[in-house]
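Each chain is listed here by its residues.
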2 protein chains.
Amino acid sequence: MSVVEQLTAELGILVDTDPVVLDQARADHSGHASPGTPLAVVHAETVAHVQAVLRIATATRTPVVVRGAGTGLAGAANGGDGEIVLSTRRMTAIHEIRADDLLAVVEPGILNADLNDALAEHGLWWAPDPASRAISTVGGNIATGAGGLLCAKYGVVRDAVLGLDLVLADGRLLHLGHRSVKGVTGLDLTSLVIGSEGTLGVVVGATLKLRRLVEGITCTVTATFPDVRSAAAASAAVTASGIQPAIMELMDAGSLAAVAALLDLPLPAAGSAQLTIQTDGPASVVEATTIAAILESHDGVTLVSHDREEGEKLLAIRRAMHPAMSALGTTLIEDVSVPRSAMPAMFDEIARIEQKYGMAIPTVAHAGDGNLHPNFIFEGAEPPAEVWAAADELFRAAIALGGTLTGEHGIGTLKSRWLADELGDDQWELQRRITQVFDPLGILNPGKVFTPRA
Amino acid sequence: MSVVEQLTAELGILVDTDPVVLDQARADHSGHASPGTPLAVVHAETVAHVQAVLRIATATRTPVVVRGAGTGLAGAANGGDGEIVLSTRRMTAIHEIRADDLLAVVEPGILNADLNDALAEHGLWWAPDPASRAISTVGGNIATGAGGLLCAKYGVVRDAVLGLDLVLADGRLLHLGHRSVKGVTGLDLTSLVIGSEGTLGVVVGATLKLRRLVEGITCTVTATFPDVRSAAAASAAVTASGIQPAIMELMDAGSLAAVAALLDLPLPAAGSAQLTIQTDGPASVVEATTIAAILESHDGVTLVSHDREEGEKLLAIRRAMHPAMSALGTTLIEDVSVPRSAMPAMFDEIARIEQKYGMAIPTVAHAGDGNLHPNFIFEGAEPPAEVWAAADELFRAAIALGGTLTGEHGIGTLKSRWLADELGDDQWELQRRITQVFDPLGILNPGKVFTPRA
């Protein structure tokens, strides 16, 4: 029997070979698509389904690509020739919500926003908030170690997971981590699996660390600056003041112009940049006032709102960034992260690269944590060589400034060729050997993350 | 040449074979001592010294036990027959303190309290605060994944490290992690090394994530309750209220009596228990008032102070717990952790075990995070069989309640026989194989943590 026949014999209609579905499973939201087409997409609905797929995959040495909602930005969940795409998107159950223990036990396919809607009824939330939260799954957030807008104050996925249920390549189920706040029993495999992009196993359950909804007024401050460097310096001054905003987003001139075009807003002055900052919690009003004063002392023209709905409208300009880029052409969204103090220097590097390559690189940044998203726009499906050349300079500049290739999107297929540049060859090899402990046959997402260099 | 001769040829007077020093290196603060005596203690002063020791250890297949200040409570840093004890206690440099990036780069031998004294001059602190902070090293805190009193609000060591420099068993140096707030490049080996108790490599440098000192008034609330169960229920009610205290410590009757005897205080009413709670930050005064009302509604007799020094005096009763226990005999400090809602049930289990074995088990708890420290008191150097039998029941009870063997002290030698009970055999074996990737010859802390079961 072929692999698909074996899968179908065991899992019936969960095994999907509809050409449209197979084609969709080739790509994620990075725009990048696998050159080939997977054998099948299996829509697992239970842990037992996942185990069955992996037992067949192990017996037949068939590669498995785990996939949630397919909203990744590094190509890690793209399925190709000869591969089984194992979707956990239908595993959406919430098994437990415990307000007293501030935890929830969920399946991986639930959307981040759906989970948070359910938690809100209990006065709770799960803090990780990638920009994709309305459409991305908790399992995908865990697989990539996702970040988002609120991270500087409220942490990333790694700070918000207590335990994971993991199916290994051979189908065995492990329970990693704890239900208690503290726990140091053995090695921290929960943290190791977070951000491992489908290379160590399949996350089939997660015990999440929750927060209580923040009470009080959410204040929003926006400020327009004559140029991006002064906006970056102003955001650094806010950080240096000791105030911790919930959100601090920076948009450069190219980003503002693209969003203005999309939303039919008046065009901002040429070269101008913007900060959008939110404060929350018991001191939010005082903090917003202090922040506005800091921004004004850095030549910012400010607007302060104490109204949550009006604040959301101001933030909508930032949230429109991705559609605004897509309206201009195919987009490669980059994701470098640097120490906060290096943000102005990183913007200088981006300006230098724009000049050198004669291309615009509209950039937004999570300014509170030094995570920048420079956008490359091009025609056609795949980035042309000069885009990759410019991106290569961008990565090297970030690493030289003490930063990293990827703050929150991951390595996937798109950045695997730079991974050893950041890790060093010794660490790259050590990490690859760790994946072999989990997956001795190398059937979990082969060719992703740890691609041997040519 | 013998191993000691080789070490001495390369490292000279750093190689210490003074019998007093060797004897001290056999034990940590758990009271437990290795039956044998190590070959030598090497007082490394540089990364190169650490690498030299490990190259000789690899060439000669000699076991290496890494040691900081020796304040561990699980025997993980105890040196025995045929072993090199590699001390990083003299590596105390602070290479960098960056208020703008909220990070510090330090060597592992610096004491937690000394680091925090230096950081305070910059308005900064490193949040992990094990009770041993005045005498324990940052490297030791990292090796154990230490917790402390402030964890529910401010996190544990794992939440406060950005990157680590690690010397592998063969002497190679790796740089793990990032300087940026976000970073998902490859596997998170930084988190894997935290809490690995000397089994993966030697931490020779750490990039720490700092916080700004919390401004405002620190308020302290103490409350006395008729019994420990009502104190536990009151602490759960505080957690359920949504207020996050900085510190919430619970002491049972046996603990209070022992401290009263040590400090010459009036004896509390028989059976009574106490909560000591601190609030900080902009809402601290309001929070303290609300907390006092909650405690009173749970039959607590409260005392509220807005004075930091008076608060420290109230907390001194809790901080005197360890000396109070030592005054009674040799102490085995246990460290189970359970979901917060299970704390009253865990106290019931402790009462049951006390009755069954006819022994007192004075217990304090970090009530904000469900981490309990039951104390076994005995005569002589090693716990007698009935203490281990009672501890065994304690561990099984904690695991049955959804908890863990160890919240913050680690496995070391003292708990290795229970490790597979919690992890399961499959995960235990997987973890052991991961240690083999780092240390293929098995020379790093052999016989600790992953001891094969008899």
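- By the naming in an unreviewed UniProt entry, chain A goes by Putative FAD-linked oxidoreductase and is assigned to Microbacterium foliorum.
- Per UniProt, the comment on chain A under Cofactor (unreviewed entry) is "FAD".

Some remarks on the interface of chain B and chain A
Here is step 1: With 71 residues of chain B in contact, the opposing surface of chain A contributes 71 residues.
Here is step 2: In total, chain B and chain A occlude about 5700 Å² of area from one another, counting both sides; carbon and sulfur atoms represent 61% of this.
Here is step 3: Summed over the three residues of chain B that lose the most area to chain A, namely B:Lys182, B:Val184 and B:Leu187, the buried surface amounts to 16% of that side.
Here is step 4: A salt bridge links B:Glu408 to A:Lys182; the nearest nitrogen and oxygen atoms lie 2.8 Å apart.
Here is step 5: Scanning the region where chain B abuts chain A turns up 32 residue pairs in polar contact (both at pLDDT 80 or more).

A short note on a positive patch on the surface
Here is step 1: On the surface, A:Lys209, A:Arg211, B:Lys209 and B:Arg211 cluster together to form a positively charged patch.
Here is step 2: Looking at where A:Arg211 falls in the secondary structure, it is placed in strand 11 (residues 211-212).
Here is step 3: Classification of A:Arg211 as partly exposed rests on a relative accessible area of 34%.

Brief notes about the relation of the copies chain B and chain A
Here is step 1: Rotating chain B by 180 degrees about the axis while translating it 0.0 Å along that axis superimposes it on chain A, leaving an RMSD of 0.0 Å. Here the transformation between the copies is reduced to the relation of a two-fold axis.
Here is step 2: Same-surface contact between copies: 100% of interface residues of chain B are shared with the interface of chain A.

A closer look at the side chain of B:Thr404
Here is step 1: Within the secondary structure, B:Thr404 sits in the loop between helix 14 (385-400) and helix 15 (416-423).
Here is step 2: Side-chain polar atoms of B:Thr404 contact the side chain of B:Glu422, separated by 2.8 Å.
Here is step 3: Sequence-distant contacts of B:Thr404, that is, excluding residues within four places in its chain, are made with A:His178, A:Ser180, A:Lys182, A:Gly183, A:Thr185, B:Val336, B:Ser337, B:Ala398 and B:Glu422.

Quick notes on the UniProt feature "domain: FAD-binding PCMH-type" (unreviewed entry) in chain A
Here is step 1: The UniProt record annotates "domain: FAD-binding PCMH-type" (unreviewed entry) at residues 34-213 of chain A.
Here is step 2: In this annotation, residues 34-213 of chain A is assigned 22% helix and 25% strand; the end-to-end C-alpha distance for the span is 41 Å.

About the thresholds
- Residues numbered from 1 in each chain as written.
- Chains lettered and ligands numbered in written order.
- Predicted model: local features only at pLDDT ≥ 70, side-chain atom pairs only at ≥ 80, totals over all residues.
- Heavy atoms only, no water.
- UniProt positions renumbered as here; feature names shortened; annotations may be inferred.
- Contact = heavy atoms within 4.5 Å.
- Buried area = accessible area lost by both parts, 1.4 Å probe.
- Salt bridge = Lys/Arg side-chain N within 4 Å of Asp/Glu carboxyl O.
- Polar contact = N/O pair within 3.5 Å; in protein donor to acceptor, adjacent residues only side chain to side chain.
- Patch = residues over 30% accessible without salt bridge, like charges linked within 9 Å, V, L, I, M, F, W, Y side chains within 5 Å.
- Areas by Shrake-Rupley, 256 points an atom, 1.4 Å probe, with all protein chains shown as cover.
- Lys, Arg positive; Asp, Glu negative; His and termini not counted.
- Charge placed at Lys NZ, Arg CZ, Asp CG, Glu CD.
- Helix = DSSP H or I, 4+ residues; strand = E, 2+ residues; numbered from the N terminus.
- Buried < 20%, exposed > 50% of the residue type's maximum accessible area, 1.4 Å probe, protein only.
- Least-squares fit on C-alpha atoms with pLDDT ≥ 70 in both.

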